[in-house]
Every structure is written in C-alpha cells, then in structure tokens.
Amino acid sequence: MVDNPIETNSPGSGTRIDPGIVRCLPDQTRPTSRLLEHKLTSDELLHLYQRMVEIRRFDELAMSLQRQGQLGVWASCLGQEAAQIGSAYALADQDWVFPSYRETAVGLMRGITPGDLLHQYRGTWLGGYDPYKHRFAMNSIPIATHALHATGLAMAAKRAGDNLVSVAYIGDGATSEGDAHEAMNFAAVFAAPVVFFVQNNHWAISVPLSAQTASPTLADRAPALGFRGMMVDGNDVAAVHRVMSDALEHARGGHGPVLVEAITYRIESHTTADDHTRYRTAAEVEEWRERDPIARLEHHLDSLGMLTDDIRRSTREAADAKASAARIEILQLSAGDPTELFQHVYHGERPLLQEQREMLRAELRAWEEM
Ligand SMILES: Cc1ncc(C[n+]2csc(CCOP(=O)(O)OP(=O)(O)O)c2C)c(N)n1
Ligand SMILES: [Mg+2]
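Let us look at the structure shown here. None of the values given here were measured: they were computed from a predicted structure. (Residues numbered from 1 in each chain as written. Chains lettered and ligands numbered in written order. Predicted model: local features only at pLDDT ≥ 70, side-chain atom pairs only at ≥ 80, totals over all residues. Heavy atoms only, no water.)

## With respect to the overall build of the protein
Convention followed: In this text, helices come from DSSP runs of H or I with a minimum length of four residues, and strands from runs of E with a minimum of two, each type numbered from the N-terminal end. Partly exposed residues are those whose accessible area sits between 20% and 50% of the maximum for their type, while under 20% is buried and over 50% is exposed, using a 1.4 Å probe and protein chains only. For the accessible areas, the method is Shrake-Rupley and the probe is 1.4 Å, while residue cover comes only from the protein chains on display. Charge convention: Lys and Arg are scored as positive, Asp and Glu as negative, and His as well as the terminal groups of each chain are ignored. Working definition for charges: the position is that of NZ of Lys, CZ of Arg, CG of Asp or CD of Glu.
The secondary structure content of the protein amounts to 14 helices and 8 strands. The C-alpha extent of the protein, read off along each of the three principal axes, is 65 × 50 × 40 Å. Here the protein, with 370 residues, has 53% of them falling under the buried criterion. Accessible surface for the protein amounts to roughly 16,900 Å². Of this, 53% is attributable to carbon and sulfur atoms. Side chains of the protein carry 35 positive and 50 negative charges; the gap between the two charge centres is 2 Å.

Below is the structure:
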C-alpha cells in the first residue's frame, strides 16, 4: 500500500493506529519516531509557516464575519492548514484542483483573492473567480461529485497529451460515496493522471470515521482498485509536501492515479450551522489541538534557530494586515436580491416558483419589520 512503511503512531494515543504514515517533522506529542527527509529549503519552510499563520487568521475572520451576519455560513479549515498548504504548494501552475467547500487554504494558495473566494458564502449569485485562470474549479457542496469531474478532466488531458495532473480534494466521508468509487475506478482503469487527496479529519459532520468504513485505512481503497495509496501525517506540512510531490510525479509520469490519505482533524464544528459539542468530547478535540500543525512547524523552525521574536511578530502583523484588507474587500461584495434565485431555474416563469418567491418576499418583509 505504501512506499515507505514506517510505524510511527504511538499506541494508546486515543486515535486510529495505522502503519505507514509518512512523517518528516518531529511531533512533540508522540515519542520520537522515524522521520523521513523532506524536500523543502529552510526558506520555503519559513514561507509555508507565514502562509499557514496568514490563512488561519483569514479563517478566524470568516468565522467572525459569519457570526456578525455578513456571511451565510462558514466551513472552517482550522487544524487542516498543513494538509491543504503542503499539498497546494506541491502543485504546478498547469494542474487542476477540484475542491470541496473546506479548501479555503488551497484556493488562497492558487492566488484567488479572499473576496473572490467568498462570493458564494456572501450569497452573491455569481462565482467570484475564474476557475480557468486559477485552475481551481467552483467548490463542490455535493459530496464527492467533483471526484468524477477530476477524473474526467484527467482522462481528457491524457488523450490531448496535456502535461497536467488533476487533483480531487475529498473528505473521509466522501470516500463512502458511489461517485468517489466510480471516479477512482475509472481513473485506475484508464491510468488517468489524478490525485485523490483525502483529508481524513475523522468526522463527516457528526459521523465518526469508525462508522464510515470497516477498512483499517482509507488509503487501502486504492490497492483494492489497482492503484497506489499513501498515508501521511496531515498535520506535518513538510511530510504532506513530500508525499504530494511524489504522488503528482507518479501521476504526471503516466503511472496512473494516487490516493493520498492525509490524517488530520477538524478542530471547529462542521460549519457555523453545526454544534460539535453535541457529538464529540472536549478531550478528543483537546488532544488534536495539542497536535496543532502551526505549533509543530514553529517548534521545528525554532530548533533550526530560524524563528526569532521579530519574525513571529512580523508574521502575525502581516496576517492581521491581510485580514483587515480582506474584511474590507468582503464587505464590499453586494449580497444582491435573494428573490432573483427563482429567475433562472427554468426558461420563463412557473406558478410554483412564483408562489415560492412570494413566500420568500413575505418572509423578508417580516424580518425587516422585526
Ligand atoms: C451528495 C451529498 N450528500 C450529503 C450531503 C450533506 N453533507 C454535507 S457535508 C457532509 C459530510 C462530508 O464529510 P467529509 O467528506 O468527511 O468532509 P468534511 O466536511 O469533513 O471536510 C455531508 C454528508 C451533501 N452535501 N452532498
Ligand atoms: Mg471529514
């Protein structure tokens, strides 16, 4: 299943134990384990640290804007920054990304501005960015449907002789969908250049991983379908970058798809419309907070003597400044008229939709009068 089987998880950690999880950076919360070399220079590590801090700050901003009624909903990526940033950093410009709703960090790494990324959450009725320019498709709210799009694009690229890899970002829950299975099976049969980057954050809303699959790992899905599966510590940015670079090289070289299972954790609720305290323990969340991916990298940079107080401060200040600018950009987006929702469903008006539009208008009027 994995190229470099390494037993690094400590028993009794309270989480699923899997062999063969690639790690590169020391983890303060586990006994010292065998670490692999990574492919990043010290400057690159520092750069990724700065981006992780910046994107976490942006996530906090989006959470508070939602609480202030400025965004309809928000799906936080808190705790998943290393998985998203390490994998996105390994991509080439020509590669295509098919994201779910939680891939904020990947979108920002693809050069989309915060305001453009948030149109959908602000309720405007046009997507804010050009998917072709950033090679970042519109995010998929339906679970796993975009895995099929990723495979389709990769099959077409192969036929056309284009040098690109298509990456589907899916969750642990998404692996249970028929669409994910079909996408993986087709990709394997046609040796399409796809990477299925699975962020195993242990939860699909309130469904734990243990209720999602009887398979010991999600990466096991790949060899069953005849392709390569790899596991990586998703809170280790350098390991994620290494594994993702290898996966991309494999797919780009014409050797078929790869499934990367990045083991991480969703620290926040599923979205702002959810309350995770109703279905998981504070102790579990705390355990993963201690494995924070930014703290992990900070420790490492510290040990290299690269993280002075000045750098910490300037990183925080730069993140704050970017968040302030993003806030202005987001608040300028006009949320538009919600009753336009009914205009483009069919060509022409339909009585049922007209009725529904009137119901919405009445509700909006009632809200205004409150
Ligand atoms: C086809 C489909 N079924 C159900 C849902 C409702 N739903 C939204 S998010 C979600 C859980 C997804 O979990 P996972 O794939 O682990 O991604 P995560 O939210 O953890 O990033 C579900 C079932 C949906 N959006 N689409
Ligand atoms: Mg999940």
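## Some thoughts on the environment of Ser 303
Just so we agree on the cut-off: For this analysis, a polar contact is any N or O atom pair within 3.5 Å, provided that within protein one partner can donate a hydrogen and the other can accept it, and provided that sequence-adjacent residues contribute only side-chain to side-chain pairs.
Inspection of the secondary structure assignment puts Ser 303 in helix H12 (residues 293-303). The exposure class assigned to Ser 303 is exposed, which follows from its relative accessible area of 57%. Each C-alpha atom of the pair Ser 303 and Gly 171 lies 33 Å from the other, and the pair is 132 residues apart in sequence. Here the side chain of Ser 303 touches His 300 through a polar contact of 2.6 Å, landing on its backbone oxygen.

## Here's the deal with the packing of helix H1 (residues 42-67) against H12
Put simply, the rule reads: The axes are straight lines fitted to the C-alpha atoms, using for helices just the contacting stretch, and the angles between their N-to-C directions are given from 0 to 180°. Convention used here: angles under 35 degrees read as roughly parallel, angles over 145 as roughly antiparallel, angles from 65 to 115 as roughly perpendicular, and any remaining angle as oblique. The hand of a helix crossing depends on one turn: near helix anticlockwise from the far one by less than a right angle means left-handed, and clockwise means right-handed. Throughout, a contact is declared for two residues whenever any of their heavy atoms are within 4.5 Å.
In contact at an axis separation of 10 Å, H1 and H12 are set at 150 degrees when each is read in the N-to-C sense. On the basis of the axis angle, H1 is roughly antiparallel to H12. Here H1 runs over H12; the crossing is left-handed. Side by side, H1 and H12 meet where Leu 45, Leu 46, Leu 48, Tyr 49, Met 52, Val 53 and Arg 56 of the first sit next to Pro 293, Ile 294, Leu 297, Glu 298, His 300 and Leu 301 of the second.

## Topic: the packing of aromatic side chains
Note the threshold: A pair of Phe, Tyr and Trp rings is counted when the ring centres sit within 6.5 Å of each other, with Trp represented by its six-membered ring. The angle between the planes then sorts it: under 30 degrees is stacked, over 60 is edge-to-face, the rest tilted. Charge over a ring is defined by NZ of Lys or CZ of Arg lying within 6 Å of the ring centre and within 35 degrees of the ring normal.
Across all of its chains, the model carries 10 aromatic pairs by this definition. Between the aromatic rings of Tyr 129 and Phe 136, the centroid separation amounts to 5.8 Å while the plane-to-plane angle is 55 degrees, which identifies the pairing as tilted. Considered together, Tyr 129 and Phe 136 belong to a single accessibility category, that of buried residues. Centre to centre, the rings of Tyr 265 and Trp 288 are 5.2 Å apart; their planes meet at 5 degrees, and the pair counts as stacked. Residue Tyr 265 is found in the loop between strand E8 (258-263) and helix H11 (282-289), and its partner Trp 288 is found in helix H11; the two are separated by 23 residues along the sequence. Tyr 265 sits in the buried class, given a relative accessible area of 1%. Through successive ring pairs, a cluster of aromatic residues spans Phe 58, Trp 74 and Tyr 121. The ring of Trp 288 has Arg 291 lying over it, and the distance from NZ or CZ to the ring centre is 4.5 Å. The ring centre of Tyr 346 lies 4.8 Å from the NZ or CZ of Arg 350, which sits over that ring.

## Some details on the layout of surface pockets
As a reminder of what qualifies: Buriedness for pockets is judged along seven lines, at least five of which must meet protein on both sides within 12 Å for an open set on the 1 Å grid over protein atoms alone, while cavities are sets there where a 1.4 Å probe fits but cannot get out, and lining residues have an atom within 4 Å of a point. Grid points are joined across faces, edges and corners, and a volume is the space filled by probe spheres set on the points. The residue classification treats Ala, Val, Leu, Ile, Met, Phe, Trp, Tyr, Cys and Pro as nonpolar and Asp, Glu, Lys and Arg as charged. All others, Gly included, are polar.
By volume, the largest pocket amounts to about 420 Å³. Contributing to the lining of the largest pocket are 30 residues, with Tyr 101, Arg 102, Ile 143, Gly 171 and His 270 lying nearest its centre. Elements with a contribution of two residues or more to the lining of the largest pocket: strand E3 (166-171) and strand E5 (203-204). Broken down by element, the residue count for the lining of the largest pocket peaks at 3 residues, all from E3. When grouped by side-chain class, the residues that make up the lining of the largest pocket number 15 nonpolar, 10 polar and 5 charged.

## Observations concerning the pattern of salt bridges
Note the threshold: One side-chain nitrogen of Lys or Arg within 4 Å of one carboxyl oxygen of Asp or Glu is enough to make a salt bridge.
Scanning all chains against the criterion turns up 20 salt bridges. Between Asp 246 and Lys 39 there is a salt bridge; the shortest N-O distance is 2.6 Å. Residue Asp 246 is located in helix H10 (residues 237-252), and its partner Lys 39 is located in the loop between strand E1 (21-22) and H1; the two are separated by 207 residues in the primary sequence. In this structure Lys 39 comes out as partly exposed when scored by relative accessible area, which is 42%.

## Topic: the coordination of the magnesium ion (ligand 2)
Stated formally: Note that water is not among the atoms considered, so a metal site may appear incomplete; the donors listed are N, O and S atoms within 2.8 Å of the metal, with 3.2 Å applied to Na, K and Ca.
All of the protein donors around the magnesium ion (ligand 2) are Asp 172 (OD), Asn 201 (OD1) and Trp 203 (O); their distances to the metal are 2.1 to 2.2 Å. Site description for the magnesium ion (ligand 2): donor spacing in sequence, D-x28-N-x1-W. Trp 203 carries the same exposure label as Asn 201, and that label is buried.

## As for the nonpolar core
The line we're drawing: Residues grouped as a nonpolar core are buried Ala, Val, Leu, Ile, Met, Phe, Trp, Tyr and Cys residues, joined through side-chain atoms within 4.5 Å.
In this structure, Leu 118, Val 167, Val 195, Phe 197 and Met 244 are the most contacted members of the largest nonpolar core, which totals 65 residues. When residues in this core are grouped by element, the largest group, 12 residues, is from H1. Leaving out residues up to four positions away in the same chain, Leu 118 has contacts with Phe 58, Ala 62, Leu 71, Trp 74, Ile 330 and Leu 333.

## Here's the deal with unusual backbone geometry
Although it is not a glycine, Arg 135 sits at a positive phi angle of roughly 50 degrees. Along the chain, the position of Arg 135 falls in the loop between helix H6 (131-134) and helix H7 (145-160). When its relative accessible area of 27% is taken as the criterion, Arg 135 is described as partly exposed.

## Considerations on the site of ligand 1
What counts here: One heavy atom within 4 Å of a molecule or strand is enough for the residue carrying it to be called near that molecule or strand. To decide whether a molecule occupies a pocket or cavity, check its atoms: if more than half lie within 2 Å of the grid points, it is inside.
Not every one of the 15 residues close to ligand 1 is listed here, only the nearest: Tyr 101, Arg 102, Gly 173, Ala 174 and Trp 203. Here an oxygen atom of ligand 1 and a side-chain polar atom of Arg 102 are 2.8 Å apart. In this structure, Trp 203 approaches ligand 1 through a main-chain N or O atom, which is 2.9 Å from an oxygen atom. Considering ligand 1 on its own, with 580 Å² of exposed area, one finds that the protein chains cover 70% of that surface. Placement of ligand 1 is best described as lying within the largest pocket.

## Observations concerning the environment of Tyr 129
Position of Tyr 129 relative to the elements: it lies in the loop between helix H5 (119-122) and H6. The sequence separation of Tyr 129 and Val 165 amounts to 36 residues, and the corresponding C-alpha distance is 21 Å. Of note is the side chain of Tyr 129, whose polar atom sits 2.9 Å from the backbone oxygen of Ala 137.

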